[in-house]
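Chains, contacts and geometry: an overview
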Amino acid sequence: MLSLYYLNFYTVRNFILIIMVMGFVLSCDTKDPSNTSTSASQEISLQIIPKLDGIEAKVNQYYHLKNGDSIYFSRLDFFMQTINFKDKSGKVARLDTAFLFSNKNAMNKLNFKSTSLPTTIDTINFLCGLGDITNSLDPLKYDADHPLSSYKNMYWTMGSKYRFIVFEGNIKTASGSMIPFSYHTGLEYKYSANIPVNITLNVSNPKTYTLGLHLERIFYPTNGIAVDYKNSETQAHGDASDGPLTDKVALNFSRAFIME
């Protein structure tokens with residue numbers, strides 16, 4: 001009888017211990033919905049719009065430039081890469097995808113959705129061009145609709161790699177003279193755009209923001225050196241002879257963006 005008593009005692013005790021352990025495990029596994037470790041993805045869209053004289057610019061239409069001159073562009077294509085969205089504390093969400101703006105596209109919109117996006121964005125910056133690794137890739141390995149494909153007509157040669165900016169058109173001076181221009185940047189001629197913004201994201205109400213590219217600032221920058229198109233600064237293609245002009249155009253281009 002005594003041994004049976006001890007057997008029942010230990011059996012009951014072990015059963016109680018098992019119940020307690022299971023209760024503890026289940027309580028640890030229960031998630032508190034008010035203290036979740038994962039956050040919802042924020043989303044932001046940037047609509048890139050070229051502008052002249054303060055309005056959206058279309059190909060092959062004249063717009064006021066300065067001092068009575070007017071301008072139209074027949075082609076505008078450029079790469080953006082390593083797009084950073086920063087807040088004041090230094091938190092950064094990065095999108096490394098190479099994005100190709102082209103005047104041939106009806107919609108030039110960049111979309112980014114990530115849990116790493118800061119709720120309040122203080123600065124957006126990006127490379128006006130391609131990083132060295134991306135620039136070394138083979139355009140023939142991409143499908144026709146890919147931004148880095150050879151079909152996009154943004155590749156020079158194996159030696160000079162991709163063109164970062166292609167900007168072509170004509171300037172009509174106040175006296176009636178016609179000045180064609182053609183600016184193609186590449187090689188080491190690339191700069192980052194740094195754009196101050198004041199954006200607060202709402203996960204339940206994502207918005208599209210307009211990023212204006214004010215083309216007149218390529219010629220008359222607010223912070224830089226003007227392009228003297230009336231005195232032969234009209235052709236830049238990355239050659240050693242026009243390196244200084246290519247560099248000037250690349251720098252002015254990077255400073256021509258404004259968040260509307």
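Note that the structure is a prediction, hence the values are computed from the model and not measured.

This part is about the overall build of the chain. Scanning the chain for helices and strands turns up four helices and 14 strands. For the chain, buried positions account for 43% of its 260 residues. Long-range contacts, defined as pairs at least 24 residues apart, comprise 70% of the intrachain contacts of the chain with a sequence gap of at least 6. Just so you have it, the chain exposes about 14500 Å², and 54% of that area is on carbon and sulfur atoms.

The next thing to look at is unusual backbone geometry. Of note, asparagine 60 is a non-glycine position whose phi angle comes to about 60°, a positive value. Looking at the secondary structure, you find asparagine 60 in the loop between β2 (55-56) and β3 (63-64). For asparagine 153, which is not a glycine, the phi torsion comes out positive at approximately 55°.

The next subject is the environment of phenylalanine 219. Here phenylalanine 219 shows up in helix α3 (residues 216-219). Separated by 33 residues in sequence, phenylalanine 219 and asparagine 252 place their C-alpha atoms 7.5 Å apart. What phenylalanine 219 contacts, discounting residues up to four positions off in sequence, is Leu65, Ile71, Phe167, Ile171, Phe181, Tyr183, Ala226, Val227 and Tyr229.

We now examine the packing of aromatic side chains. Tallied over the full model, the rule gives 17 aromatic pairs. Aromatic side chains phenylalanine 79 and tyrosine 162 sit 5.8 Å apart centroid to centroid with 85° between the ring planes, which places their arrangement in the edge-to-face category. Here phenylalanine 79, found in strand β4 (residues 70-86), pairs with tyrosine 162, found in the loop between α2 (132-135) and β9 (163-172); they are 83 residues apart in sequence, far enough to count as distant. In this structure tyrosine 162 comes out as buried when scored by relative accessible area, which is 0%. Taken together, the ring pairs connect Phe73, Phe167, Phe181, Tyr183, Phe219, Tyr220 and Tyr229 into an aromatic cluster.

Quick look at the pairing of strand β7 (residues 109-114) now. Where a strand is regular, its side chains alternate between the two sheet faces. Going residue by residue along β7, you find Leu110, Phe112 and Ser114 tucked away on one face and Lys109, Asn111 and Lys113 left uncovered on the opposite face. Sheet topology places strand β1 (residues 42-52) next to β7; six bridges connect them, and they run antiparallel. For isoleucine 44, the partnering residue across the bridge sits in β7 and is phenylalanine 112.

A few words on helix α4 (residues 243-254). An ideal rise of 1.5 Å per residue puts 16 Å on 12 residues; α4 measures up with 17 Å between its terminal C-alpha atoms. Across the 12 residues of α4, nine count as buried, placing the element largely inside the fold. Buried residues of α4: Gly243, Leu245, Thr246, Lys248, Val249, Ala250, Asn252, Phe253 and Ser254, and no others.

Take the environment of serine 150 next. By the element assignment, serine 150 lies in the loop between α2 and β9. According to the relative accessible area criterion, serine 150 is partly exposed, its value standing at 32%. Spatially, the C-alpha atom of serine 150 lies 8.6 Å from that of aspartate 138, the residues being 12 residues apart in sequence. Setting aside residues no more than four positions away along its own chain, serine 150 makes contact with Pro139 and Leu140.

In strand β11 (residues 192-200), alternate side chains face the same way, and those of Ala193, Ile195, Val197 and Ile199 are buried while those of Ser192, Asn194, Pro196, Asn198 and Thr200 on the opposite face are not. Looking at chain direction, strand β8 (residues 120-127) and β11 are connected through seven bridges and run antiparallel. Opposite leucine 127, over in β11, you have serine 192 as the bridge partner.

Calculation criteria
Residues numbered from 1 in each chain as written. Predicted model: local features only at pLDDT ≥ 70, side-chain atom pairs only at ≥ 80, totals over all residues. Heavy atoms only, no water. Helix = DSSP H or I, 4+ residues; strand = E, 2+ residues; numbered from the N terminus. Buried < 20%, exposed > 50% of the residue type's maximum accessible area, 1.4 Å probe, protein only. Contact = heavy atoms within 4.5 Å. Areas by Shrake-Rupley, 256 points an atom, 1.4 Å probe, with all protein chains shown as cover. Phe/Tyr/Trp six-rings, centres within 6.5 Å; stacked < 30°, edge-to-face > 60°. Pairing = 2+ DSSP bridges. Expected span 1.5 Å × (residues − 1).

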